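Close look at the chain arrangement
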Protein chains: 2
Amino acid sequence: MATFSRVKVIGAGLIGTSIALGLKRAGYELSIEDEDPQSEAIAQSLLGQGDEGLIPELIVIATPISAIPKLIREYGTLYPQATLMDIGGLKSEVLEEIKDFPSISTRFCATHPMAGREISGALAARGDLFEGRIWIWTPAQNSSPLAIERALEVISALGGTKVELTAHEHDHTIAGISHLPQIVSSLLSATLIDVSDRDIGLAGQGLKDVSRLAASNSSLWANLLHANRKAVGEFLEIFSHNIDDLSTSLQNDDLRKTQEILELGRENHARIPGKHGGKKRDYWYLPIIIEDKPGQLAKIFDACALVDANVEDLSIEHTPGQESGLVTLALSKVDSEKVFKQLASDGWKVHQPRESIG
Amino acid sequence: MATFSRVKVIGAGLIGTSIALGLKRAGYELSIEDEDPQSEAIAQSLLGQGDEGLIPELIVIATPISAIPKLIREYGTLYPQATLMDIGGLKSEVLEEIKDFPSISTRFCATHPMAGREISGALAARGDLFEGRIWIWTPAQNSSPLAIERALEVISALGGTKVELTAHEHDHTIAGISHLPQIVSSLLSATLIDVSDRDIGLAGQGLKDVSRLAASNSSLWANLLHANRKAVGEFLEIFSHNIDDLSTSLQNDDLRKTQEILELGRENHARIPGKHGGKKRDYWYLPIIIEDKPGQLAKIFDACALVDANVEDLSIEHTPGQESGLVTLALSKVDSEKVFKQLASDGWKVHQPRESIG
């Protein structure tokens, strides 16, 4: 199926390394480089042996956005036969910056995979990061059919769902569904400066979810927000207006108005697609109360291995000042039942498998 | 261990039914009632046969907060020998409203379990909902030792972690760590009214997490926010101020200031406990590339046990259908070095321990 085979990825962060891992698995020849030798080394050890001397047919620029236009021109010049794509979080600026270099821009197709996490770096990379995820593509005005075809082939090979948007559509939408949530999460966390360390320890899952994005790289995000500041400013204005309305209804003890505002949030939340952007994995969850001491997890995993069950994921909740913790294993339904039986018969405090982590 | 045995729960929602299920499992005699016959029927079917004529020693008021003071007085009068506790999300108002009824308030201890989900109702109830969760308790000025003892016995029986706060401490803290996140999530979602259905479909996990709480019951939350509107107003003011600062720095293209604000969010986010209920601990992270097959984790944990290392947390990133996965262990610095040496000498593809998971 592949119409080309040699790919060079520039940038060994989460996205670049995940693309490299996924394409390697799909049978492409890969090389990856990064200006940071340590990141490059990690990515290469994940990839196995790469081909240093590879002449790429496709170059994937997977760096922070500020570096992208320059790298497109550099690598486009270095490999005049190759086509290029990027994975940057904004599209107007990069297309604007290369439009005066037609011999380059004709070989380029802009793209943006809607995947990635608040953590970053090659170590977090996964070849299946893009499976079932939206992957936006935005051709340049003069993108050649070959440049577009190769970019779309990459998206398909990695299991992404292709959506074509103009640069303006992309950047406006991203301001609402990605940049605004980042801002809100960061500013909520910043507001917690007024809560003591002891009291912040009482936080439940709600705060953890809403504030999760605040862990993001602040330099990378400051650059993204500024590159898209016009569209971001528009959403911030609406959001600010909503905050003012709620402050007023609280001050006036106008319960009905407060409920109306919350209800507007509920209705619009219902328009967001479900938890699993892509393929849903049907994990079952098995909660086990353990003593918080060395060797407990080893014994649990021995039991899993004994019944040939593959643990898909795991979380550990410790109870401060107490000797017990809660371990939740994520398994296939069949495996969760096997492990449940095994652990129960071994005398563990294990609960019935359940479909939701609760 | 139990110093009493007969419990009546008023309110068959998520919390009330979960308490009833958990206490029944722990050996108490239970009855449950709800003004809504359907909710009561569901809770009773989950509980099995309840004792309608039971004379309770403890009454748990598990209704929305607006009904709590009245129900405390009613049931306190109806069962003059019983002690009472509530599970309401605010503490100042309820204690204020019963303080003129000393024959009731002496038998009452206010509490608030920090568990519950954006979904609600008896059907979602689980007897283990509170295991390992914080459960705040706030005695009245004249709470009797017996009223306190029984409330604490319930918390212990359900596996909760007891934290004593004054009513003011509780309500201020909750405004910051629970009410503000709810507002922010709802208002973010309300702002999405400006994004089309097609474009909202492009949303990734970030928006889903930050907006998750917006699915909450708007009537219940409007009442909570209004009952705590003074403390909530204080946090909203700080949050608003942060929004204004960021809008200004974007308008002025002041990249450094934007980054400073985001960084303040990142630093405060780091103070929120992670998977662990308690204080953030200084973990070191040990990444290991494994074959994705049963038994690998057992071998890793055997190695940890061999060097007497306690695994504090663990994440698994893997690729179904691919042969490798990435396991990251969280350990103390000392343990991370011991485990690193052990795994390296056993031939595992293990990377040097590092201070951040990224």
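**Topic: the interface of chain B and chain A**
- Taken together, the contact pairs 127 residues of chain B with 132 residues of chain A.
- For the chain B and chain A pair, buried surface summed over both sides reaches about 11700 Å², with 63% attributable to carbon and sulfur atoms.
- For chain B, the biggest contributors to the area lost against chain A are Leu202(B), His226(B) and Arg271(B); these three give 6% of the whole.
- Inspection of the region where chain B meets chain A yields eight salt bridges.

**What about the packing of helix α7 (residues 167-191) of chain A against helix α11 (residues 229-251) of chain B?**
- Interhelical geometry of α7(A) versus α11(B) gives an angle of 130 degrees and a closest axis separation of 9 Å. Regarding the angle of α7(A) to α11(B), the classification is oblique. Remark: the crossing between α7(A) and α11(B) carries right-handed chirality. Judged by residue contacts, Ile183(A), Val184(A), Leu187(A), Leu188(A), Ala190(A) and Thr191(A) of α7(A) engage Phe235(B), Ile238(B), Phe239(B), Asn242(B), Ile243(B) and Leu246(B) from α11(B).

**Brief notes about the sheet that holds strand β5 (residues 108-113) of chain B**
Residue and element names in this part refer to chain B.
- An order of β2-β1-β3-β4-β5-β6-β7 is seen for the seven strands of this open sheet, with the pairing classed as mixed. For this open sheet the edge positions go to β2 (29-33) and β7 (161-164), each flanked by a neighbour on one side alone. On average, each strand axis in the sheet is tilted by 25 degrees relative to the strand beside it, whichever way the strands run.
- Pairing of strand β1 (residues 6-10) with β2 involves five bridges; the strand directions are parallel. Looking at β2, one finds that lysine 8 is bridged to serine 31.
- In the packing of helix α3 (residues 68-78) onto the sheet, contacts are made with β1, β2, β3 (58-61), β4 (83-86) and β5, and the angle to β3 comes to roughly 160 degrees.

**Remarks on the nonpolar core**
- The biggest cluster of nonpolar side chains holds 112 residues, and the ones touching the most others in it are Ile72(A), Phe239(A), Ile72(B) and Phe239(B).
- Once residues lying within four places of it in the same chain are set aside, the contact partners of Ile72(B) are Ile61(B), Leu84(B), Val94(B), Ile98(B), Ile104(B) and Phe108(B).
- Trp348(A), Ile300(B), Leu329(B) and Trp348(B) belong to the second largest nonpolar core, which has 44 residues in total.

**Looking at the environment of Ile72(A)**
- Locating Ile72(A) in the fold gives a position in helix α3 (residues 68-78).
- For the pair Ile72(A) and Ile10(A), spaced 62 residues apart in sequence, the C-alpha to C-alpha distance is 10.0 Å.

**What about the sheet that holds strand β2 (residues 29-33) of chain A?**
Residue and element names in this part refer to chain A.
- The seven strands lie next to each other as β2-β1-β3-β4-β5-β6-β7, forming an open sheet whose pairing is mixed. Two strands bound the open sheet, and with one partner strand each, they are β2 and β7 (161-164). The mean angle between the axes of side-by-side strands here comes to 25 degrees, regardless of whether they run parallel or antiparallel.
- Pairing analysis gives four bridges linking strand β3 (residues 58-61) to strand β4 (residues 83-86), with the strands arranged parallel.

**Focus on the packing of aromatic side chains**
Residues and elements named next belong to chain A.
- For the structure shown, the criterion picks out six aromatic pairs over all chains.
- Plain terms: the ring middles of phenylalanine 4 and tyrosine 28 are 5.4 Å apart, the flat faces sit at 50 degrees to each other, and that makes the pair tilted. One end of the pair, phenylalanine 4, is in the segment before β1 (6-10); the other, tyrosine 28, is in the loop between α1 (14-25) and β2, and 24 residues separate them in sequence.
- By relative accessible area, which is 4% here, phenylalanine 4 ends up buried.

**Comments concerning the pattern of salt bridges**
- Within the structure shown, the criterion is met by 32 salt bridges over all chains.
- The residue Lys230(A) makes a salt bridge to Glu234(A) at a minimum N-O spacing of 3.4 Å. Of this pair, Lys230(A) and Glu234(A) both sit in helix α11 (residues 229-251), separated by four residues, roughly a single helical turn.
- Since its relative accessible area comes to 66%, Lys230(A) is described here as exposed.
- Taking relative accessible area as the criterion, Glu234(A) reaches 37% and is therefore assigned partly exposed.
- The salt bridge involving Asp199(B) is made with Arg198(B); its shortest N-O contact spans 2.8 Å.
- Taken together, the salt bridges that share partners define one network made up of Glu169(A), Arg198(B) and Asp199(B).

**Digging into helix α6 (residues 145-157) of chain B**
- With 13 residues, α6(B) extends 18 Å between its outermost C-alpha atoms, agreeing within 8% with the 18 Å of an ideal straight helix rising 1.5 Å per residue.
- Of all the residues in α6(B), the buried ones are Ala147(B), Ile148(B), Arg150(B), Ala151(B), Leu152(B), Glu153(B), Val154(B) and Ile155(B).

**Quick word on unusual backbone geometry**
All names here are of chain B.
- Of note in the backbone geometry, aspartate 253 takes a positive phi value of approximately 50 degrees without being a glycine.
- One non-glycine residue, aspartate 308, lies in the positive phi region at around 60 degrees.
- Mapped onto the elements, aspartate 308 comes out in the loop between α13 (296-306) and β9 (313-318).

**Some words on the domain arrangement of chain A**
- Each assigned domain of chain A is listed here: domain 1 (6-165), domain 2 (170-269) and domain 3 (284-350).
- Each of domain 2 of chain A and domain 3 of chain A has a C-alpha centre, and the two are 36 Å apart.

**Thoughts on the pairing of strand β6 (residues 134-139) of chain A**
All names here are of chain A.
- Most of β6 sits out of view: five of its six residues are buried.
- Sheet topology places strand β5 (residues 108-113) next to β6; five bridges connect them, and they run antiparallel. Each residue of the ladder has a partner; that of alanine 110, found in β6, is threonine 138.
- Pairing between β6 and β7: four bridges, direction parallel. Paired with isoleucine 136 across the two strands is valine 163, which belongs to β7.
- For the handedness criterion, the β-α-β arrangement of β6, helix α6 (residues 145-157) and β7 is classed as right-handed.

Cut-off values and rules
Residues numbered from 1 in each chain as written. Chains lettered and ligands numbered in written order. Predicted model: local features only at pLDDT ≥ 70, side-chain atom pairs only at ≥ 80, totals over all residues. Heavy atoms only, no water. Contact = heavy atoms within 4.5 Å. Buried area = accessible area lost by both parts, 1.4 Å probe. Salt bridge = Lys/Arg side-chain N within 4 Å of Asp/Glu carboxyl O. Axes fitted to C-alpha atoms, helices over the stretch in contact; angles between N-to-C directions. Helix = DSSP H or I, 4+ residues; strand = E, 2+ residues; numbered from the N terminus. Parallel < 35°, antiparallel > 145°, perpendicular 65-115°, else oblique. Left-handed = near helix turned anticlockwise from the far one by under 90°. Pairing = 2+ DSSP bridges. Core = buried A, V, L, I, M, F, W, Y, C linked by side-chain atoms within 4.5 Å. Buried < 20%, exposed > 50% of the residue type's maximum accessible area, 1.4 Å probe, protein only. Phe/Tyr/Trp six-rings, centres within 6.5 Å; stacked < 30°, edge-to-face > 60°. Expected span 1.5 Å × (residues − 1). Domains from an automatic or database assignment. Right-handed = clockwise from strand over helix to strand, strands pointing away.

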